[in-house]
Amino acid sequence: MATIKGIKGIKVQSLTSDPTASEAAGQLWYNTTSSALKYAIEGAGSWASSNPMNQGRGQFGLTGIVTAALAFAGSPAQKTNTEEYDGTSWTNKNALNTGVQYNVGFGTSTAATNVGGVILGGNDTGNTETWDGTNWTTSPADLNTARQKMSASNQAPSSAGIIFGGYKQSPNTSVNNTEEWNGTSWSEKSGDLNTAREAGGGGGTATAAFIAGGNIYPSSLQNATELWDGTSWSTSPATLNTSRQGVGSSGTTTSALIYGGTDGSPTKVTEQWDGTSWTEVGDLATAAEGKGKGCGVSGDSALAAGFDGSPNTITEEWTNPVFTIKTVTVS
Amino acid sequence: MANTYCTAINWGKGFFTHSERNAFYLEGHVGDVWVVGNNAAGISWINKVSGTAKTKAEAQAIVDGKVEESQAHWDAQDADYQARHARPEKYTLA
């Protein structure tokens, strides 16, 4: 019988337990405990299920990273609920002072800023609350333009972020302006979005942010991407493959992910940004719009939670690439 | 047949993994209905989650019923809600 050593001149290593899949990609070994020949491969990114939220909701603020995320507020009925995700489970935390939906936020699970949205009664708000890891405190400073459905620099620290775009009532219109938070007050930046829009995906920081997709009121789905350099917005020649709004998003101007949303009906389409173009990658398992947006530092790591519909507690985690250990079957 | 159908309750972490998503087609729907790629990995997953096998017609009927419930909910809402949310529509499973 031929042997690996005989064919290749090398021996297959014997291990008592499998190594970590990511460290073993491309390697072959013999597991002496399970008496199995194994190898590890690097595969495409994909979404996996995680434990559900405690409070079902959609259209809420979500920030942080996949192993330390914060979700706050949401619909229906202007929720005040706050939950923290540790990479496995959601835990209830102290509530916001004012219930709101269609809000956004930025920061981390221990220091975050929540802003804007729609309050009980249906009015737009510029209300701002800050999270210290335990409690929310209402800031005396409001947005200059009260609005809802805006996007945010989700990876910015809680003391230095921007929000952009959105929608406001009286009269109903999509918004193009950008406002910056310095930890104390909001100031309007001179650079406006080239395309006013609501419910787009966004991410990044106060000096390097992006927006993609969205809707121009009342009904014009967008696929355009714009990039913020700290001063002005420029329109990228690259567009989303699927025009849509109400998307989830993660990442920065050089590596980002847009997922879900609605293109007339809820979609599970996921697209990844490499700083130059959008590429369609593995779908969510469940089509959904109105997920919380903003958790994840890049296009390789994201959290999709909630749904502005039913079921609305579902959570999925995105990882790219996916490393898998396989067993060699010999017949 | 490209896909097979089952109902199963999503228990959260580990219900479907990254590696499983790369091994077979999987699509979740209302009513705990799952459209599953009809290959060895897909069948193995149905067994893992103790899925209850359904024909496509049975799965479609469950989804249709849930959509009808959502439509009734939407119809009962005020104009503000209806302006913010599209009325759910029936669709055909893959």
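Our subject is the structure listed above.
The present account deals with the structure reproduced in this document.

Here is what the cut-offs are and how they apply
Residues numbered from 1 in each chain as written. Chains lettered and ligands numbered in written order. Predicted model: local features only at pLDDT ≥ 70, side-chain atom pairs only at ≥ 80, totals over all residues. Heavy atoms only, no water. Helix = DSSP H or I, 4+ residues; strand = E, 2+ residues; numbered from the N terminus. Buried < 20%, exposed > 50% of the residue type's maximum accessible area, 1.4 Å probe, protein only. Contact = heavy atoms within 4.5 Å. Areas by Shrake-Rupley, 256 points an atom, 1.4 Å probe, with all protein chains shown as cover. Lys, Arg positive; Asp, Glu negative; His and termini not counted. Charge placed at Lys NZ, Arg CZ, Asp CG, Glu CD. Pairing = 2+ DSSP bridges. Axes fitted to C-alpha atoms, helices over the stretch in contact; angles between N-to-C directions. 1 Å grid on protein atoms, 1.4 Å probe; cavity = no way out; pocket = protein on both sides within 12 Å on 5 of 7 lines; lining within 4 Å. Points joined across faces, edges and corners; volume = space filled by probe spheres on them. Nonpolar A, V, L, I, M, F, W, Y, C, P; charged D, E, K, R; others polar. Polar contact = N/O pair within 3.5 Å; in protein donor to acceptor, adjacent residues only side chain to side chain. Arc of directions from axis to C-beta. Phe/Tyr/Trp six-rings, centres within 6.5 Å; stacked < 30°, edge-to-face > 60°.

1. Considering the overall build of chain A
Then, number 1: Scanning chain A from terminus to terminus reveals two helices and 32 strands.
Then, number 2: Overall, the C-alpha framework of chain A stretches about 80 × 45 × 35 Å when taken along its three principal axes.
Then, number 3: Here chain A holds 331 residues, and the buried ones make up 53% of them.
Then, number 4: Long-range pairs, those at least 24 residues apart, make up 51% of the contacts in chain A with a sequence separation of at least 6.
Then, number 5: In the structure as shown, chain A presents an accessible area of about 12,600 Å², 48% of it carried by carbon and sulfur atoms.
Then, number 6: Computed over 17 positive and 27 negative side-chain charges, the separation of the two mean positions in chain A equals 8 Å.

2. Topic: the sheet that holds strand E4 (residues 46–50) of chain A
The strands making up a sheet associate through hydrogen bonds between their backbones, and the pairing can be parallel or antiparallel.
All names here are of chain A.
Then, number 1: Sheet architecture is open: three strands sit in the order E4-E31-E30, paired in antiparallel fashion. The strands lining the two open edges of the sheet, one partner per strand, are E4 and strand E30 (301–305). Geometrically, the sheet is characterised by an average inter-axis angle of 25° between neighbouring strands, direction not taken into account.

3. A few points about the layout of surface pockets
Then, number 1: Put simply, the largest pocket is a space of about 1,200 Å³.
Then, number 2: In this structure, the largest pocket is lined by 43 residues; those nearest its centre are Phe307(A), Asp308(A), Gly309(A), Ser310(A) and Pro88(B).
Then, number 3: Tallying contributions element by element places helix H3 (residues 56–75) of chain B first for the lining of the largest pocket, with five residues.
Then, number 4: Class assignment of the residues belonging to the lining of the largest pocket gives a composition of 14 nonpolar, 18 polar and 11 charged.
Then, number 5: Considered as a void within the structure, the second largest pocket measures approximately 670 Å³ in volume.
Then, number 6: Together, 34 residues line the second largest pocket, and Lys149(A), Glu198(A), Gln245(A), Ala83(B) and Arg84(B) are the ones closest to its centre.
Then, number 7: Secondary structure elements with two or more residues in the lining of the second largest pocket: strand E23 (220–221) of chain A together with helix H4 (79–84) of chain B.
Then, number 8: For the lining of the second largest pocket, the leading source of residues is H4(B), giving three residues.
Then, number 9: Here the residues of the lining of the second largest pocket are counted per class, giving 12 nonpolar, 14 polar and eight charged.

4. Describing the side chain of Thr125(A)
Residues and elements named next belong to chain A.
Then, number 1: Inspection of the secondary structure assignment puts threonine 125 in strand E12 (residues 124–131).
Then, number 2: According to the relative accessible area criterion, threonine 125 is buried, its value standing at 9%.
Then, number 3: In this structure the side chain of threonine 125 is engaged in a polar contact, spanning 2.9 Å, whose partner is the backbone nitrogen of asparagine 127.
Then, number 4: Non-local contacts of threonine 125, meaning those with residues more than four positions away in its chain, are made with Val100, Gly116, Gly117, Val118, Ile119, Leu143, Ala146 and Arg147.

5. A word on helix H2 (residues 40–48) of chain B
For an α-helix, 3.6 residues make a turn, and residues three or four places apart therefore share a direction.
Residues and elements named next belong to chain B.
Then, number 1: Those residues of H2 that sit buried are Gly42, Trp45 and Ile46. Seen from one end, H2 has its buried residues packed into an arc of 100°, which puts them on one side. Looking at H2, the residues exposed on the side facing more than 90 degrees away from the buried face are Ala40 and Asn47.
Then, number 2: Buried-residue contacts for H2 involve strand E1 (3–7), helix H1 (18–23), strand E2 (26–29) and strand E3 (33–37).
Then, number 3: The backbone nitrogen of alanine 41 lies 3.2 Å from a side-chain oxygen of the residue at the head of H2, namely asparagine 39.
Then, number 4: Count one or two residues on from H2 and you reach serine 50, which has phi positive near 55°.

6. Some points on the packing of aromatic side chains
Each aromatic ring pair is summarised here by two numbers: the centre-to-centre distance and the angle between the ring planes.
Then, number 1: Under the criterion given, the structure shown has 19 aromatic pairs over all chains.
Then, number 2: Ring centres of Trp273(A) and Trp278(A) lie 5.2 Å apart, and the angle between their planes is 40°; on these two criteria the pair is classed as tilted. When sorted by exposure, Trp273(A) lands in the same class as Trp278(A), which is buried.
Then, number 3: Taking the centre distance of 5.2 Å and the plane angle of 80° together, the rings of Phe15(B) and Trp45(B) count as edge-to-face.

7. Some details on the sheet that holds strand E19 (residues 186–188) of chain A
Residues and elements named next belong to chain A.
Then, number 1: Spatially, four strands are ordered E14-E15-E18-E19 in an open sheet, and the strand pairing comes out antiparallel. The open sheet is flanked by strand E14 (151–152) and E19, the only strands paired with a single partner.
Then, number 2: Of the pairings in the sheet, the one linking E14 to strand E15 (residues 161–164) comprises two bridges and is antiparallel in character. Within E15, the position partnered with serine 151 by the bridge is phenylalanine 164.

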